[in-house]
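Chain by chain, the residues:
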Amino acid sequence: MFHWLSALIICGLFALGLWMVELTYYDDWYRTAPDIHRSLGVLLLIATVLRLVWRRMNVVPAVLPTHKTWEIKSAHIAHTVMYILLFAVFISGYLISTADGRGVQVFGWFEIPATLHGIQHQEDIAGEVHFVLAVSLITLAVIHAAGALKHHFIDRDNTLKRMLNP
Amino acid sequence: MKKFILATLLLSASALPAHAADYVIDTKGAHAFIQFKISHLGYSFIIGRFNNFSGEFSYDEKNPGASKITVDINPASIDSAHAERDKHLRGKDFFDVEKYTTAKFVSTSYTESAGGKAVLKGDLTLHGVTRNISIDVQQIGAGADPWGGYRRGFTGTTTLTLSDFGMNYNLGPSSKTVDMTLVVEGIKK
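Residues numbered from 1 in each chain as written. Chains lettered and ligands numbered in written order. Predicted model: local features only at pLDDT ≥ 70, side-chain atom pairs only at ≥ 80, totals over all residues. Heavy atoms only, no water.

Engineer: Lay out the pairing of strand 9 (residues 129-144) of chain B in plain terms, naming residues and giving numbers.
Structural biologist: Regular strands place side chains that alternate from one sheet face to the opposite one. All names here are of chain B. By the bridge criterion, 10 bridges tie strand 8 (residues 117-126) to strand 9 in an arrangement that is antiparallel. Residue pairing for strand 9: Lys-117 is matched across the bridge by Gln-138. Connecting strand 8 to the antiparallel partner strand 9 that follows it, the hairpin turn spans two residues, and His-127 within it adopts a positive phi of roughly 55°. Pairing of strand 9 with strand 10 (residues 150-161) involves eight bridges; the strand directions are antiparallel. Within strand 10, the residue paired with Gln-138 across the bridge is Thr-155. (Pairing = 2+ DSSP bridges. Helix = DSSP H or I, 4+ residues; strand = E, 2+ residues; numbered from the N terminus.)

This is the structure we're talking about:
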């Protein structure tokens, strides 16, 4: 559940992010798109923390016996790096919006206050980092998806099936 | 002998730069400001400033027409009190500060009229475009400061058209020009 919802939101946020920075002042979405991007980002951060707690409290599904050692190892590294990138993207995004001490509004429901702010050109540096890391995350996610598809279509094992139907 | 001493005194007095002087703009003490004001949708205004700049001027009370000023501005130091907006202003839609790292004003003429008013003309280089602009100047005052220095201050106003400097991002029909207010206080070198 967490996995597929995260995948959907991450891809959505990536596309929304790329699109919204190209909007111009008189576009209807000029203000709304970034608001949604920020709000969804914060909600995904909360969901990801819950996901890791869930992962801790539950038994991680065992690897299939047909999986090769290099597959297990590289998949494990990819998963860990994706989590790290995800958090780095959350933090850098948060640091853009809060660079002047303003908090981040989440759909007007609540606000995440600023903590680290006022660093010289914080919004520019955080912006560069946010972009580069987001592209890295999506690239890795594509490789991760390609791995899943390989298991399904080439190895013909049920790695992907059990993700869809646990 | 008396005549000689008098003559020497007079000579040395006239040789002294009694009024003509070079000043460094007191950006260190932040007694100088480059402020802008632009309409927001025609309903209100955004006011901001450039935080980092430096410059020098010379001013001669006897010959104000010979006055000169040079100011270097760091366009990346734009500050409109909102980080996300500043990030946008520094980006490609506006100042493109990665490409155009400096802005500069170099005076070409100074024409003083009564009451300390003057018109300052000069070349402003901004966003890679150099244009001769005209600034209405008012001299505010000059004199000793409490710490042994000598200061002179001016204010200036001008209106710039964004598209003149290659900034064509559509901010709406009321926001095509920006009003600049300059406060310049110099400390005599």
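From this point on, the discussion continues.
Engineer: Summarise the layout of surface pockets; cite the residues concerned and give the values.
Structural biologist: All names here are of chain A. In this structure, the second largest pocket encloses a volume near 1800 Å³. Listing elements by their share of the lining of the second largest pocket, those giving two or more residues are helix 1 (2-20), helix 2 (29-57), helix 3 (69-97), helix 4 (122-153) and helix 5 (159-164). Sorting elements by how many residues they give to the lining of the second largest pocket places helix 4 first, with 12 residues. When its residues are assigned to classes, the lining of the second largest pocket shows 30 nonpolar, 11 polar and five charged. (1 Å grid on protein atoms, 1.4 Å probe; cavity = no way out; pocket = protein on both sides within 12 Å on 5 of 7 lines; lining within 4 Å. Points joined across faces, edges and corners; volume = space filled by probe spheres on them. Nonpolar A, V, L, I, M, F, W, Y, C, P; charged D, E, K, R; others polar.)

Engineer: Give a description of the pattern of salt bridges that names residues and reports values.
Structural biologist: Taken as a whole and judged by the stated rule, the model has 16 salt bridges over all chains. A salt bridge links Arg-151 of chain B to Asp-145 of chain B, with the nearest nitrogen and oxygen atoms 2.6 Å apart. A residue is classified by how much of its surface remains accessible, and Arg-151 of chain B, at 16% relative accessible area, is buried. Through salt bridges with shared partners, one network takes in Lys-68, Glu-71, Lys-150 and Asp-155 of chain A. (Salt bridge = Lys/Arg side-chain N within 4 Å of Asp/Glu carboxyl O. Buried < 20%, exposed > 50% of the residue type's maximum accessible area, 1.4 Å probe, protein only.)

Functional significance is not addressed by these values, which are geometric in nature.
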